[in-house]
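The lines below spell out each chain.
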Protein chains: 2
Amino acid sequence: MEIYNFSAGPARLPKEVMAIAQEEFCNYQNSGSGIVELSHRGKFFAPVMERAQANIRELMNISDDYEVCFVQGGGNMQFAMIPMNLLNGGTADYIDTGVWSNKAAKEAKFFGTVNIAASSRETKYDHIPAQSEWNLTPNAAYMYITSNNTIAGSEYLPLPKAPEGVPLIADMSSDIMSRVVNVNDFGLIYAGIQKNLGPSGAAIVIIRKDLLERTPDNVPTILRYNTYTENDSMYNTPPSFTIYMLALVTDYLKKLGGIAEVEKMNIAKADKLYGFLDSTDFYSTPVAKQDRSRMNVVFRTPSDEMDAKFVKEATAQGLTDLKGHRLVGGCRASIYNAMPMEGVDALISFMKEFARVNG
Amino acid sequence: MEIYNFSAGPARLPKEVMAIAQEEFCNYQNSGSGIVELSHRGKFFAPVMERAQANIRELMNISDDYEVCFVQGGGNMQFAMIPMNLLNGGTADYIDTGVWSNKAAKEAKFFGTVNIAASSRETKYDHIPAQSEWNLTPNAAYMYITSNNTIAGSEYLPLPKAPEGVPLIADMSSDIMSRVVNVNDFGLIYAGIQKNLGPSGAAIVIIRKDLLERTPDNVPTILRYNTYTENDSMYNTPPSFTIYMLALVTDYLKKLGGIAEVEKMNIAKADKLYGFLDSTDFYSTPVAKQDRSRMNVVFRTPSDEMDAKFVKEATAQGLTDLKGHRLVGGCRASIYNAMPMEGVDALISFMKEFARVNG
């Protein structure tokens, strides 16, 4: 039985990539050692790090105005590092569209003033507040968004821009490289790798060079962005296996034709699944139509009990990890880059049959 | 040709462990997914995390007075987190025995007063200063040591104790689980995993429970030790592959008979290699005899040019990564737990022949 894992992250990776990693796991390029056993400063790993960075630059069309680096600690570490490096007692605007932006805003309060410029919290994050209603701070230190809300199942479509002179910061953990993004619209983009791009253990940080100057002197070395940018992300031992897998996944994305091609496939997958949801009375999604995430499709059956039954029976059919996030319940199908259309088709087939029997 | 990789880290892992990880890389326990693709909150990964923690507790005989957790960012992150959580404007004693303790002391200055209670820096860290000469601060917030100095090639043998009431903090990154340690002598032990225990990407932190109360209120969530201890190291997505490999390596150490058995092998390997070094005029080691590391054997040939030739010819013979750290030059053979006696024997054979031809 083919198993489709709809986990929100760590998540399914391309089969081709997994096969390569397995094949060379114990003997990387005839070194006699696995990539996990090799020095990060040796001749085998250095080109992997370079390739990961170069692939990201190419795929996202990143200009020389930006640095690309890798930081351990995932998104939660960025919640702290961003204000620690960039707020410095000033005021930042946060757009509160889900659990993760809310957490990020809380961490920023340790380092300055946080203005929640807009929030959909009162309606359980069922939409992205319209930009015309945002109460932005003039000359804010930065404006912060979560481009895709993994738990709520919403996504900025299209992405907003910040007022002139205000750096836009985006947590793209769950939609990075799933869609074409104009990096020049942002001051900083970051993303945990463990959804679209590889195993857990690192975040990609893309930062405009001028922002590197902002870090106050009293920030410890390992928490300063320039520590990473000035040392090719090798000031300390990097999470080498995660970077290696990232290099393989981005090689694969290039082979597919780049992000524009990948985005087309993602739109097709999401359209098909939402199209099916909209065609039934049995399933529903709480997310406003124009804000529906292409990555995390949140839905419900008519009852909590039926949701649980759905998840259990789907699992038995090889459609796994469809349970909604523990904070919100319901069901969720994460259909990141590596989920093929066949997985979506298998899910829809199962959903049809489940609705027929239980509807 | 059998290849022996003497890298200081990331470093050789047990062959048995590498074989298991390769075998189940794409299909962990018939889940249809690799461990890197599985949710950290799912039924497959949770037992891995539990096993890694339980194995460490068992192998190091850790009492209920301590918590064991995993933090991303390696040793350098601990240089910052320790004073951020435990110093709080007080004074800490640092014993400066190498590059890493020196770096750790520098980071602590952001959070309080640092007293370098002893240092061997002036003699290029060629020994561990005798404890009778340490200028300790009465009632220091903590006393900090690096139990094994990876670059200088020295090690505390035996380990010191802190004055009554002062928590002893040890960076054991390069000798954790290579020797029997009485955890009750310590307030906090930490170690990057990437030398003796697995791939890079996480540090083990063993912390006495009362110290968790010290963290000031203004420390961000992801940088607080209690965030990790109260959430089974799953507040955020853990570096799941690194934890998985750690579970496999610690399974293996248990199978070998535990740390006391492993320590015997490590002593035998180190004794043989130092015994050979001492028997020649061609090779020398700068480290004081009583402080020689069992993990990182630092040595030189008669000249820098000869060192380079040695490293090059050794590499051609399958004895790799013998170059000394870029800060100190010379040669270094790291012989962590996973280096078999056969590797040490092969190195000594080569060294003999190289000295015969070039001596």
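A brief look at the structure comes next. Since this is a predicted model, take the numbers as computed values, not measurements. (Residues numbered from 1 in each chain as written. Chains lettered and ligands numbered in written order. Predicted model: local features only at pLDDT ≥ 70, side-chain atom pairs only at ≥ 80, totals over all residues. Heavy atoms only, no water.)

Looking at the interface of chain A and chain B
- Listed as interface residues are 59 residues of chain A and, on the opposing side, 59 residues of chain B.
- Looking at the side of chain A that touches chain B, the elements with two or more residues in it are α1 (15–23), α3 (74–86), α4 (99–108) and α6 (240–256) of chain A.
- Of the residues belonging to the side of chain A that touches chain B, the class tally is 27 nonpolar, 23 polar and nine charged. (Contact = heavy atoms within 4.5 Å. Helix = DSSP H or I, 4+ residues; strand = E, 2+ residues; numbered from the N terminus. Nonpolar A, V, L, I, M, F, W, Y, C, P; charged D, E, K, R; others polar.)

Focus: helix α9 (residues 341–358) of chain B
Residue and element names in this part refer to chain B.
- With 18 residues, α9 ought to run about 26 Å at 1.5 Å a step, and its terminal C-alpha atoms sit 25 Å apart, in line with that.
- Among all positions in α9, only Gly343, Val344, Leu347, Ile348, Phe350, Met351, Phe354, Ala355 and Asn358 are buried. The buried residues of α9 occupy an angular sector of 165 degrees when projected down its axis, which confines them to one face. Opposite the buried face of α9, by more than 90 degrees, sit the exposed residues Arg356 and Val357.
- Each element contacted by the buried residues of α9 is listed here: β1 (4–5), α7 (259–279), β11 (296–299), α8 (304–316), β12 (319–320) and β13 (331–334). (Expected span 1.5 Å × (residues − 1). Buried < 20%, exposed > 50% of the residue type's maximum accessible area, 1.4 Å probe, protein only. Arc of directions from axis to C-beta.)

Here we look at the sheet that holds strand β8 (residues 168–171) of chain A
Residues and elements named next belong to chain A.
- Here seven strands make up an open sheet; going across it, the order is β2-β10-β9-β8-β5-β3-β4 and the pairing mixed. The open sheet has two free edges, formed respectively by β2 (66–71) and β4 (113–119), since each of these has just one partner strand. With strand direction ignored, the average angle separating the axes of adjacent strands in the sheet is 20 degrees.
- Bridging between β2 and strand β10 (residues 203–208) involves six bridges; their strand directions are antiparallel. Bridging across to β10, Glu67 finds its partner in Ile207.
- Seen against the sheet, α4 touches β3 (91–96), β4, β5 (142–146) and β8 and runs at an angle of roughly 160 degrees to β3. (Pairing = 2+ DSSP bridges. Axes fitted to C-alpha atoms, helices over the stretch in contact; angles between N-to-C directions.)

Regarding helix α7 (residues 259–279) of chain A
Residues and elements named next belong to chain A.
- Spanning 21 residues, α7 covers 30 Å between terminal C-alpha atoms, matching the ideal 30 Å at 1.5 Å per step.
- Those residues of α7 lying buried are Ile259, Val262, Glu263, Asn266, Lys269, Ala270, Leu273, Tyr274, Phe276 and Leu277. For α7, the angular spread of the buried residues around the axis is 165 degrees, confining them to a single face. Opposite the packed face of α7, turned more than 90 degrees from it, sit the exposed residues Lys264, Asp271 and Ser279.
- Buried residues belonging to α7 abut α2 (45–60), α6, β11 (296–299), β13 (331–334) and α9 (341–358).

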